[in-house]
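# Per-entry structural report
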Amino acid sequence: MSSGGERIGQVLQQQNVRWLFTLCGGHISPILIGAKNHGVRVVDVRDEKNAVFAADAVARLTGTPGVAAVTAGPGVTNTLTALKNAQLAQSPLVLLGGATATFLRGRGALQDIDQLAVIRPHVKWAAAVKTVREIVPTLEQAFVTALEGLPGPVFVELPVDLLYEEELVRRWYGEARSKGGSLAEKGLNAYLDFHVRQLFAGAEHARPGLAAARPRRPPKTSEVRQAALLVAKAEKPVLLLGSQAMLCACETLAMDAAVEALAMPTYLAGMARGLLGPEHPLQLVHHRKDALREADLVILAGVPCDFRLEYGRQIGGKARVIAANFSYDELTKNRRPTLAVQADPGLFLIALADELVNTRHDHARGWRDWADRRREADDRRRAEIARRAEEPVDGGINPLRLAREIDAALADDSILVVDGGDFVATAAYVVRPRQPFGWLDPGVFGTLGVGAGFALGAKLARPAAEVWLLYGDGAAAYSLAEFDTFARHGVPVIAVVGNDARWSQIAREQVEIYGDDLGCALRHSDYHQVAAGYGGAGLLLDSPAEIRRTLQRARELAAEGRPVLVNAILGQSDFRRGSVSM
């Protein structure tokens, strides 16, 4: 009879899981061995939250829920930020949490807490397995739940006495039997015998079934036709795509064709960045706020009216709004749309484009001047940024120039992972993802610390791609120890730290208001030496004249199989003055 750990390995194999991210612990060893025995690569990290971040990245890039396993108590609680980030980013993953033996719950065992109470607010679904026969169906339900409806993380608690072989567990319970002959002691022994029988009863009948599949939610035909009528009346439309529109990697070509057919000025956000490549004429990057305020029709495909759209105020008051979203709450958040379509936003756009093509309506003819004006405004802003990138700055390299050089260095198959505030947001104006799923950011939670975990998952999921990790110097400290993980597991990512020796995004506003940079000052720390100490390669970049050569050397080191960090010393810039979001 196989152990609980082996059963978990069987389920992971059946669900097409390729990697199990973990930090070892006494409560989960059988899970790791069971996964390895069934062809799942076990990748151990240095902090539990990075195991979850890595699983999150795998889910985003493959469509299959990523999986992490952590030990009981602090192992589980250390994942909370990463779980909440995945929940708000609507990313499907499965977290397996160890737990104390079933018989010892509530009796003061090591690391025994009410984990479900802690976890439940931050996941779609949480369950505690109580017998071995429940392991397989509970895990299968976890994969289904992570994918269905609005995707998100789920949690399964697995007590340690369900994970080992039955013979060993029976021996443990036998050793716990009382040696006395009193009635109470006999009663305890009888209960222990009954308890262990219940743990394993019927376990042989549970067998893994088919892999979970993401259920699709197409729009109603009537909704698509109503949307087409609104598009036909528009003179100044804008399309805004978000991460929800990118939930199925198999449809990126159809999505690209749909955007082409709609022919609207288009802004891409979140995971949608990169969908159209770097130079598509419909794609705009700058002056989004101006475009939304002037538009008479705005299509929000998987984008809620939250702080990123100033709670809907960026859209002109008279504009018609078509919103497509899996979540009804997000459809109507802060601003009720003219047409609310609760469906897969990607499928909605594809269906809308097909409807317009089938009716042979030349919907784009009337807004060509509008599209040209938006493109001209975008080009002017790009030229302005290019000029500002050549300006000298005090104390180091101009961050805009560094970002432009990174953009020039990117390979066509590159993936960008971004983790930081001011430097990363500056780069977002300039650095252009080359392909669909070529950009990974934390999402609406704005979490610092996603970098190394996301980069780990991305490089494993796309081993042939160059994975660039853009760090702010504040954010880098959250996960720099994972360079040890990169080195041990042969994961050659390229990290660039924009090192301006302070938390610039906060300092800029704080100094202006209070005249005090309290809590915002850092050092030009030797992050490249830290990376080298963990087994990677480190490069110091402190001269603008050396940018291109240093980035090329970083690419060469990564191609040789070494993770590399470029410590770029930046000067102070006011490019993003007044940019703090609340």
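Look a little higher up for the structure.
Residues numbered from 1 in each chain as written. Predicted model: local features only at pLDDT ≥ 70, side-chain atom pairs only at ≥ 80, totals over all residues. Heavy atoms only, no water.

## Quick notes on the overall build of the protein chain
Each helix and strand in the protein chain was counted, giving 23 helices and 18 strands. Taking 2.2 N^0.38 as the reference for a compact globule, 582 residues should give roughly 25 Å; the C-alpha atoms of the protein chain span a radius of gyration of 26 Å, in line with that estimate. For the protein chain, the spread of C-alpha atoms along the three principal axes comes to 90 × 60 × 45 Å. Here the protein chain, with 582 residues, has 57% of them falling under the buried criterion. Counting only carbon and sulfur atoms, one obtains 50% of the accessible surface of the protein chain, whose full area is about 23700 Å². Separation of charge centres in the protein chain, based on 67 positive and 67 negative side chains, amounts to 4 Å. (Helix = DSSP H or I, 4+ residues; strand = E, 2+ residues; numbered from the N terminus. Rg over C-alpha atoms; globule rule 2.2 N^0.38 Å. Buried < 20%, exposed > 50% of the residue type's maximum accessible area, 1.4 Å probe, protein only. Areas by Shrake-Rupley, 256 points an atom, 1.4 Å probe, with all protein chains shown as cover. Lys, Arg positive; Asp, Glu negative; His and termini not counted. Charge placed at Lys NZ, Arg CZ, Asp CG, Glu CD.)

## Focus: the sheet that holds strand β1 (residues 19–22)
Spatially, the 6 strands line up as an open sheet ordered β2-β1-β3-β4-β6-β5, and their pairing is parallel. The strands lining the two open edges of the sheet, one partner per strand, are β2 (41–44) and β5 (125–128). The average undirected angle you get between the axes of adjacent strands in this sheet is 20°. Bridge count between strand β4 (residues 93–99) and strand β6 (residues 153–159): 7 bridges; the pairing is parallel. Across the sheet, residue Leu 95 finds its bridge partner in β6, namely Phe 155. Along the sheet face, helix α2 (residues 29–37) touches β1, β2, β3 (66–70), β4 and β6 and points at about 160° away from the line of β1. Relative to β6, helix α7 (residues 135–147) is tilted by about 165°, and along the sheet it contacts β3, β4, β5 and β6. (Pairing = 2+ DSSP bridges. Axes fitted to C-alpha atoms, helices over the stretch in contact; angles between N-to-C directions. Contact = heavy atoms within 4.5 Å.)

## Here's the deal with the packing of aromatic side chains
Counting across every chain of the model gives 4 aromatic pairs. Between Tyr 164 and Trp 172, the ring centres sit 5.1 Å apart and the planes meet at 70°, which makes this aromatic pair edge-to-face. The ring of Trp 439 has Arg 273 lying over it, and the distance from NZ or CZ to the ring centre is 3.8 Å. (Phe/Tyr/Trp six-rings, centres within 6.5 Å; stacked < 30°, edge-to-face > 60°. Lys NZ or Arg CZ within 6 Å of the ring centre and 35° of its normal.)

## Topic: the layout of surface pockets
Taken as a whole, the second largest pocket spans an internal volume of roughly 180 Å³. Along the walls of the second largest pocket sit Thr 100, Thr 102, Arg 105, Ala 128, Val 129, Lys 130, Thr 131, Glu 157, Pro 159, His 195, Gln 198 and Leu 199, which together make up its complete lining. When contributions to the lining of the second largest pocket are tallied by element, the ones reaching two or more residues are β6 and α9 (183–200). Per element, the largest residue contribution to the lining of the second largest pocket is 3 residues, and it comes from α9. The residue makeup of the lining of the second largest pocket, split by class, is 4 nonpolar, 5 polar and 3 charged. (1 Å grid on protein atoms, 1.4 Å probe; cavity = no way out; pocket = protein on both sides within 12 Å on 5 of 7 lines; lining within 4 Å. Points joined across faces, edges and corners; volume = space filled by probe spheres on them. Nonpolar A, V, L, I, M, F, W, Y, C, P; charged D, E, K, R; others polar.)

## Looking at helix α1 (residues 4–14)
Burial of α1 is extensive: 8 of the 11 residues sit out of reach of the surface. For α1, the set of buried residues is Gly 4, Gly 5, Glu 6, Arg 7, Ile 8, Gly 9, Val 11 and Leu 12. Summarising the contacts, the buried residues of α1 are in contact with α2, β3, β4, α7 and β6. Backbone geometry just downstream of α1 places Asn 16 in the positive-phi region, at approximately 65°.

## A closer look at the side chain of Ser 91
You can see Ser 91 is positioned in the loop between α5 (80–89) and β4. Of the residues examined, Ser 91 reaches a relative accessible area of 2% and is grouped as buried.

## A short note on helix α15 (residues 368–389)
Between its terminal C-alpha atoms α15 stretches 31 Å, which fits the 32 Å expected from 22 residues at 1.5 Å a residue. All of the buried residues in α15 are Trp 370, Arg 374, Arg 375, Ala 377, Asp 378, Arg 381, Ile 385 and Ala 389. For α15, the buried positions fall inside an angular range of 160° around the axis, keeping them on one side. Turned more than 90 degrees from where α15 packs its buried face, Asp 369, Arg 380 and Arg 387 sit exposed. On the buried face of α15, the contacting elements are β7 (237–241), β9 (283–284), α12 (288–294) and α16 (399–409). (Expected span 1.5 Å × (residues − 1). Arc of directions from axis to C-beta.)

## A short note on the nonpolar core
Membership of the largest hydrophobic core comes to 106 residues, with the highest contact counts inside it found for Phe 21, Leu 241, Leu 300 and Phe 348. With residues near it in sequence (within four places) discarded, Leu 300 still touches Leu 240, Cys 305, Leu 309, Ile 315, Val 321, Ile 322, Ala 323 and Ala 324. Core analysis: the next-biggest nonpolar cluster, separate from the first, contains 36 residues, Ile 28, Ile 31, Leu 32 and Val 132 among them. (Core = buried A, V, L, I, M, F, W, Y, C linked by side-chain atoms within 4.5 Å.)

## Some points on the pattern of salt bridges
On inspection of all chains with the given rule, the structure shows 26 salt bridges. With its nearest N and O atoms 2.9 Å apart, the salt bridge here joins Glu 310 to Lys 289. A residue pair is termed long-range when its members are at least 10 positions apart, and Glu 310 in the loop between β10 (297–301) and β11 (320–325) and Lys 289 in helix α12 qualify at 21 residues. With a shortest N-O distance of 3.6 Å, Arg 293 and Glu 310 are connected by a salt bridge. Remark: Glu 310 occurs in the loop between β10 and β11 and Arg 293 occurs in helix α12; sequence separation between them is 17 residues. Looking at Arg 293, the relative accessible area reads 44%, which means it is partly exposed. One salt-bridge network, in which partners are shared between bridges, spans Glu 279, Arg 382, Asp 407, Arg 432 and Arg 434. (Salt bridge = Lys/Arg side-chain N within 4 Å of Asp/Glu carboxyl O.)

## Looking at the pairing of strand β17 (residues 537–541)
Residues Ala 537, Leu 539 and Leu 541 of β17 are buried on one face, while the alternating residues Gly 538 and Leu 540, pointing to the opposite face, are not. Across 5 bridges, β17 lies against strand β18 (residues 564–569) in parallel orientation. By the bridge assignment for β18, Ala 537 is matched with Val 564. Regarding the hand of the β-α-β motif, the stretch spanning β17, helix α23 (residues 547–559) and β18 is right-handed. (Right-handed = clockwise from strand over helix to strand, strands pointing away.)

## What to know about the environment of Ala 428
One can find Ala 428 in helix α17 (residues 422–428). Distance from Ala 428 to Leu 400, taken between C-alpha atoms, is 10.0 Å for residues 28 residues apart in sequence. When sequence neighbours within four positions are dropped, the list of residues in contact with Ala 428 reads Arg 273, Val 285 and Trp 439.

## A closer look at the packing of helix α10 (residues 221–233) against helix α14 (residues 345–358)
It is at 9 Å that the axes of α10 and α14 come closest, and there the two elements cross at 65°. Crossing angle aside, the handedness with which α10 passes α14 is right-handed. Mapping the contact onto sequence places Val 224, Arg 225, Ala 227, Ala 228 and Val 231 in α10 and Phe 348, Ala 351, Leu 352, Glu 355 and Leu 356 in α14. Among the residues making up the contact of α10 with α14, the classes are represented as 8 nonpolar, no polar and 2 charged. (Left-handed = near helix turned anticlockwise from the far one by under 90°.)

## Quick look at the sheet that holds β7
Taken together, 6 strands build an open sheet; the order of strands is β9-β8-β7-β10-β11-β12 and the sheet is parallel. At either margin of the open sheet sits one strand with a lone partner, and together these are β9 and β12 (339–342). Pairing of β7 with β10, which is carried by 5 bridges, proceeds in the parallel orientation. The residue bridging Leu 241 from the neighbouring strand is Ala 301, located in β10.

Taken by themselves, the reported measurements are silent on function.
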